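Per-entry structural report
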Amino acid sequence: TEGFATLEEGLKIFDEVAKAPLTLITEGANSEIIEKALESLGVSGVSVLKGLEAITGKDQLKTLFQFLGSVDHKGKVLFVWDCDVKHRLEAKNNTFPYVLPKNEGNNLAVKGIENVFPESLFDGFTKTVVLANKTRIDQFDESTKKAFVEKVCADASVEDFAHVASLVVEIERIKTLS
């Protein structure tokens, strides 16, 4: 399918949108972290769509956003991208875009969902890169992403999700719209 939704995946998306008053769709494997963040921050009434990781890269998500924005549906849909996405999209037809703000205090993970977390969570999940000029840079080791997600979902505190607060504000704003 070259990254585009199959008919079965498309029907799953429409089924979720029809069931929930607010459905959240995010990039790749971010759904687990977003769901845990919302649970930790006491947010209810949001269905986080899971199981479509193969078709929700940032550009595929943009295509899905544009499609859902052009078809009639009653449920509200919030699309959430990582801080490194540069898409300029407008809300349309109960379909809302949101880009997580960059956490300037995290220099280990400067992109991706990992950027929302404090650097203190990255013990055991970093690597050191040595540049040609011998400068050493510590950064998030992408090969440990799955283990990092598992750790965050098991052990992260409410404070660790502080940088997701603006998403919660957006969710609450969207819930009030008619």
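Bear in mind the structure is a predicted one, so any value in this text is a computation, not a measurement. (Residues numbered from 1 in each chain as written. Predicted model: local features only at pLDDT ≥ 70, side-chain atom pairs only at ≥ 80, totals over all residues. Heavy atoms only, no water.)

**What about the overall build of the protein chain?**
Secondary structure summary: the protein chain contains five helices and six strands in total. N-terminal to C-terminal, the α/β element order of the protein chain is α-β-α-β-α-β-β-β-β-α-α. Here the protein chain holds 178 residues, and the buried ones make up 43% of them. Of the contacts made within the protein chain by residues no fewer than 6 positions apart, 59% connect residues no fewer than 24 positions apart. Carbon and sulfur atoms make up 53% of the accessible area of the protein chain, which amounts to about 9,500 Å² in all. (Helix = DSSP H or I, 4+ residues; strand = E, 2+ residues; numbered from the N terminus. Buried < 20%, exposed > 50% of the residue type's maximum accessible area, 1.4 Å probe, protein only. Contact = heavy atoms within 4.5 Å. Areas by Shrake-Rupley, 256 points an atom, 1.4 Å probe, with all protein chains shown as cover.)

**As for the packing of aromatic side chains**
Tallied over the entire structure, the rule returns nine aromatic pairs. Plain terms: the ring middles of F117 and F161 are 5.6 Å apart, the flat faces sit at 65° to each other, and that makes the pair edge-to-face. Here F117 is found in the loop between β4 (95–99) and β5 (126–130), whereas its partner F161 is found in the loop between α4 (145–155) and α5 (165–176), with 44 residues between them in sequence. Ring geometry for F122 versus F140: centroids 5.7 Å apart, planes at 80°, classification edge-to-face. Residue F122 is located in the loop between β4 and β5, and its partner F140 is located in strand β6 (residues 136–140); the two are separated by 18 residues in the primary sequence. Overall, the relative accessible area of 1% leaves F122 in the buried class. An aromatic cluster of at least three residues, connected via ring pairs, comprises F117, F122, F125, F140, F148 and F161. (Phe/Tyr/Trp six-rings, centres within 6.5 Å; stacked < 30°, edge-to-face > 60°.)

**Brief notes about unusual backbone geometry**
In this structure, N93 is a non-glycine residue whose phi angle is positive, near 55°. Unlike most non-glycine residues, N94 shows phi in positive territory, near 65°. Relative to the helices and strands, N94 resides in the loop between β3 (76–81) and β4. Classification of N94 as partly exposed rests on a relative accessible area of 24%.

**As for the pairing of strand β1 (residues 22–26)**
Counting buried residues along β1, five of its five residues qualify, which places the element largely inside the surrounding structure. Burial along β1 is two-sided: the residues L22, L24 and T26 and T23 and I25 are all buried. Sheet analysis places β1 next to β3, joined by five bridges and oriented parallel. Residue pairing in the sheet places L22 in a bridge with K76 of β3. Both β1 and strand β2 (residues 47–48) contribute to a ladder of two bridges, which runs parallel. For T23, the partnering residue across the bridge sits in β2 and is S47. As a crossover connection, the stretch from β1 through helix α2 (residues 31–40) into β2 is right-handed. (Pairing = 2+ DSSP bridges. Right-handed = clockwise from strand over helix to strand, strands pointing away.)

**Regarding the sheet that holds β1**
Taking strand neighbours across the sheet as the criterion, the four strands line up as β2-β1-β3-β4 in an open arrangement whose pairing is parallel. Two strands in the sheet have a free side with no partner beyond their single neighbour: β2 and β4. Packing against the sheet, α5 makes contact with β1, β3 and β4, and its axis sits at approximately 165° to β3. (Axes fitted to C-alpha atoms, helices over the stretch in contact; angles between N-to-C directions.)

Interpretation note: all reported values are geometric properties and have no functional meaning in isolation.
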